[in-house]
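Report on the structure
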Amino acid sequence: MLDQGGEKNINSIIGIVLIFAILIGYSIYTQPSPEQIEAAKMKRDSLEAALNAQQTNVEARSETNEARVEQQSARDESTGSFQSQTDSTSSFEVLQKYGEFHEAALGEEQLLTMENEVVRITLSTKGGGLHSVELKNYKTFDSLPVYLIKDLGEKDDGTDLCEFNMIFFSGTKTIATRDMFFKPKGSSFTVDGNNTKTLSLRLYVGDDQDDKYIEYQYSLAGNSYILDFKMHFHGVEDEIAMNNNYLRFDWTNFIPRQEKSLINEQRNSTIYYKYYKDEVDYLSETSDESEDLRTKVKWVAFKQQFFASILVAETSFDKPTNIESIASEENGEYVKEMRASFTIPYGHQRDETFPMFFYFGPTHYKTLQEYGLDFEKVVPLGWGIFGW
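Since the model is a prediction, treat every value here as computed from it, not as a measurement. (Residues numbered from 1 in each chain as written. Predicted model: local features only at pLDDT ≥ 70, side-chain atom pairs only at ≥ 80, totals over all residues. Heavy atoms only, no water.)

**Some details on the overall build of the protein**
The criterion, for reference: A run of DSSP states H or I qualifies as a helix once it reaches four residues; a run of E qualifies as a strand once it reaches two. Both are numbered from the N-terminal end. Any residue under 20% of the maximum accessible area for its type is buried, any over 50% is exposed, and the rest in between are partly exposed; the area is computed with a 1.4 Å probe on protein chains only. We call two residues contacting when some pair of their heavy atoms lies within 4.5 Å. Each accessible area is a Shrake-Rupley result for a 1.4 Å probe, and residues are judged covered by the shown protein chains and nothing else.
When you go through the protein residue by residue, the secondary structure sums to 4 helices and 19 strands. Counting across all 388 residues of the protein, residues that qualify as buried make up 40%. Counting only contacts in the protein whose residues sit at least 6 apart along the sequence, the fraction spanning at least 24 positions is 60%. When the accessible surface of the protein is split by element, carbon and sulfur atoms take 50% of a total near 22,300 Å².

**Side note on the confidence of the model for the protein**
Definition in use: In predicted models, pLDDT denotes the confidence assigned by the predictor to each residue on a 0 to 100 scale.
With 75% of its residues at a pLDDT of at least 70, the protein reaches an overall mean of 82. Across residues 42–69, where pLDDT falls below 50, the model places 0 contacts with residues more than four positions away in sequence or in other chains.

**Structural notes on the nonpolar core**
It is characteristic of soluble globular proteins that their nonpolar side chains tend to be buried jointly. Defined as follows: We call a set of buried Ala, Val, Leu, Ile, Met, Phe, Trp, Tyr and Cys residues a nonpolar core when their side-chain atoms join them within 4.5 Å.
In this structure, Leu130, Tyr218, Phe229 and Trp299 are the most contacted members of the largest nonpolar core, which totals 83 residues. Tallying contributions element by element places strand S17 (residues 307–327) first for this core, with 8 residues. Dropping the residues within four chain positions of it, Trp299 is found in contact with Tyr272, Tyr273, Lys274, Val280, Ile310, Leu311, Val312, Leu373, Asp374, Phe375 and Val378.

**Section: the sheet that holds strand S8 (residues 189–190)**
Short version of the rule: One requirement defines pairing of two strands: DSSP has to find at least two bridges between them.
Reading across the sheet, the 5 strands line up as S4-S3-S2-S1-S8 and stay open at both edges, with mixed pairing between neighbours. Both edges of this open sheet fall to strand S4 (145–150) and S8, since each of them pairs with a single strand only. Examined bridge by bridge, strand S1 (residues 111–115) and strand S2 (residues 119–124) share 5 bridges and lie antiparallel to one another. Pairing of Leu111 across the sheet is with Ser124, part of S2.

**Quick word on the pattern of salt bridges**
Pairing is possible between side chains of opposite charge, provided their charged atoms come close. Our working definition: Salt bridge, as applied in this entry: a Lys or Arg side-chain nitrogen positioned within 4 Å of an Asp or Glu carboxyl oxygen.
Across all of its chains, the model carries 12 salt bridges by this definition. Arg350 is the partner of Asp211 in a salt bridge, and the nearest nitrogen-oxygen pair spans 3.4 Å. Here Arg350 lies in the loop between strand S18 (334–345) and strand S19 (351–362) and Asp211 lies in the loop between strand S9 (196–204) and strand S10 (213–221), a separation of 139 residues in the sequence. Of the residues examined, Arg350 reaches a relative accessible area of 42% and is grouped as partly exposed. Taking the shortest distance from any N to any O, the salt bridge between Asp292 and Arg294 comes out at 3.8 Å. Classification of Arg294 as exposed rests on a relative accessible area of 57%.

This is the structure in C-alpha cells:
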C-alpha cells in the first residue's frame, strides 16, 4: 500500500504525460495537409514572382525613359543642327538678295503715332511709310472714323493696299524700301497749339552703329492738316549705284470708302496734278485711266468726294511722273485704287535732302485756297457760267 506521498508523485507523472499527449495530439490534428502545404508554397512563389515582375517593370520603364531621353536629345541635336543650317541658309539668301542692306531686311514691324487736334497719323517701321491717316473731326455715313489712308493688308493677288516704296540699285541689287525695316529716332507724340514735333525713321546700311542711312523725317504742327516729309540721304553715296541719278518713289493708296453710294463716290474721286509752274489737270472720274507726265510736276492729289491727300514737292518732282486711277469692284471696301510713281533727283552727295509735304484734309475751297498752290482747283465748280 502506497503512502500518501507516493500517490502524489504518481498523479503528477500522469498529469505530465497527459499534457504531453494532449500537445502531441493537438499538433497532429492541426498539422496542414500536403495539399495545404503545396498551396502555401504556390502562394509564396506567386508573391515572389509578382515582386520580381514589378521590379522588372520598374527597370524596363527606367530603361525606356533613358532611351527616350537619349532619342529626344538626338532629335534636339538634329533639330538644332537643321535650324542652324536653315538660319545660315536664310541669312545667306538675304545677303545675296539685299547686299549691303541685308541687316535691314530682317525685323519686326512697329507702329508709331503722330497726332494733333485734327489728324491722327500712324507710321510703320516696315517700309518707313504711312500706315494710316485719320481725320479726327469727321465721320463716315455710318458714323465711323474717316480714314484717308488705311492699311488694309493685301489683295488676293498680293498687291499692297497701301504702299510707300522707294526703289534704287545698290551694286547689282535692286532695293525696295517697302521690304526694309527702318529704325525710329523718336517716339509717338501728340502736339497742339503753335508747337511742332518731329519723328524720323532710318534705314541703315549695315547695323545702326554705321553712319550710313536713308532717313524719312516727319514733322507735324498743332492744329494743322500739313505733314512735312523729308527724304534725307547720309553717307550712302557709295551704296547707291553711281548710275542712279534719279530714284523712283511709289505711292499707292486704295481709297477707303466714306459715303453710302459707292458709285457716286467713284464719280467724284480721281487723281489731280499740277505741272511745275503751270496748270492743274486730272484723270477721268468716270473711267479707269493712266498717264505718263513727261514734264516736271509740283504736286499730285488723290482726291475723294469730300477729302484729299496731296503730296507736294518743295521744288518739283523730276520727269516722268506716272499716275493711274482704277475703280474698285461694286460694293468693294475701297473706292478707287490710285497710284503715283515719282522721280526723285539724287546727286550722290554725302548729305542730301529732298523736301516735300502732305496735305491730308477736307476739300473745303477756302481752306485749300489759303495754301496758294492751286489746291482749290481739285474742287469742281462746273462749266462756264455755272462755275461762277
